[in-house]
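# Tertiary structure, described
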Amino acid sequence: MSAQTPTDPTIQARRREIVAEHLLFATIQFVAGRHPELLDALEASVDHLGDPAGDATRDDEAVRAIARRFVASLRAEARS
């Protein structure tokens, strides 16, 4: 394992991704609490989602599976 400084661009990118995902999840939870139909609309949009990669790593279905898990997690939170 290599030593990485807190300013390493990879570490910073990972931290930004964690923060963005958390804030997005919390925002959707808040709005869906007032507009439950939002989760249905998000779920319906997943089939239009794709992976923008232009190489062999492109996997549209893998991206859609992540989105489906995200929506399912939001639904579970809404029920609790």
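In this report, we go over the structure that sits alongside the text.

Parameters and conventions
- Residues numbered from 1 in each chain as written.
- Predicted model: local features only at pLDDT ≥ 70, side-chain atom pairs only at ≥ 80, totals over all residues.
- Heavy atoms only, no water.
- Helix = DSSP H or I, 4+ residues; strand = E, 2+ residues; numbered from the N terminus.
- Rg over C-alpha atoms; globule rule 2.2 N^0.38 Å.
- Buried < 20%, exposed > 50% of the residue type's maximum accessible area, 1.4 Å probe, protein only.
- Contact = heavy atoms within 4.5 Å.
- Phe/Tyr/Trp six-rings, centres within 6.5 Å; stacked < 30°, edge-to-face > 60°.
- Lys NZ or Arg CZ within 6 Å of the ring centre and 35° of its normal.
- Core = buried A, V, L, I, M, F, W, Y, C linked by side-chain atoms within 4.5 Å.
- Axes fitted to C-alpha atoms, helices over the stretch in contact; angles between N-to-C directions.
- Parallel < 35°, antiparallel > 145°, perpendicular 65-115°, else oblique.
- Nonpolar A, V, L, I, M, F, W, Y, C, P; charged D, E, K, R; others polar.
- Left-handed = near helix turned anticlockwise from the far one by under 90°.

### Structural notes on the overall build of the protein chain
Scanning the protein chain for helices and strands turns up 3 helices and 0 strands. Each helix and strand of the protein chain, ordered N terminal to C terminal, gives the series α-α-α. Over its C-alpha trace the protein chain gives a radius of gyration of 16 Å, far above what one expects of a compact globule, namely 12 Å for 80 residues. Taking the principal axes of the C-alpha coordinates as reference, the protein chain spans close to 45 × 30 × 15 Å. Per-residue burial for the protein chain yields a buried fraction of 15% across its 80 residues. Long-range pairs, those at least 24 residues apart, make up 40% of the contacts in the protein chain with a sequence separation of at least 6.

### Remarks on the packing of aromatic side chains
Evaluated as defined, the whole model comprises 1 aromatic pair. An angle of 80° between the planes, with centres 5.3 Å apart, marks the rings of Phe25 and Phe70 as edge-to-face. One end of the pair, Phe25, is in helix H1 (residues 9-34); the other, Phe70, is in helix H3 (residues 60-79), with 45 residues separating them in the sequence. Looking at Arg34, its charged tip hangs above the ring of Phe30, at a distance of 3.8 Å from the centre.

### Quick notes on the nonpolar core
Membership of the largest hydrophobic core is limited to 5 residues, which are Phe25, Ile28, Ala32, Leu39 and Leu74. In terms of residue count, H1 provides more of this core than any other element does, 3 residues in total.

### Looking at the packing of H1 against helix H2 (residues 37-45)
Any two packed helices are characterised by the angle at which their axes cross and by the distance between the axes. Contact pair H1 / H2: the axes reach a minimum separation of 7 Å and the direction vectors enclose 125°. The angle between H1 and H2 places the two elements in the oblique class. Contacts between H1 and H2 involve Ile28, Val31 and Ala32 on the former and, on the latter, Leu38, Leu39 and Leu42. Of the residues contributing to the contact of H1 with H2, the split by class is 6 nonpolar, no polar and no charged.

### Quick look at the packing of H2 against H3
In the contact formed by H2 and H3, the axes pass within 10 Å of each other and the chain directions differ by 165°. The orientation of H2 with respect to H3, classified from their angle, is roughly antiparallel. Taken as a pair, H2 and H3 cross one another with a handedness that is left-handed. Counting all contacts with H2, which are made through Leu39, Asp40, Leu42 and Glu43, the residues of H3 involved are Val71, Leu74 and Arg75. Here the residues of the contact of H2 with H3 are counted per class, giving 4 nonpolar, no polar and 3 charged.

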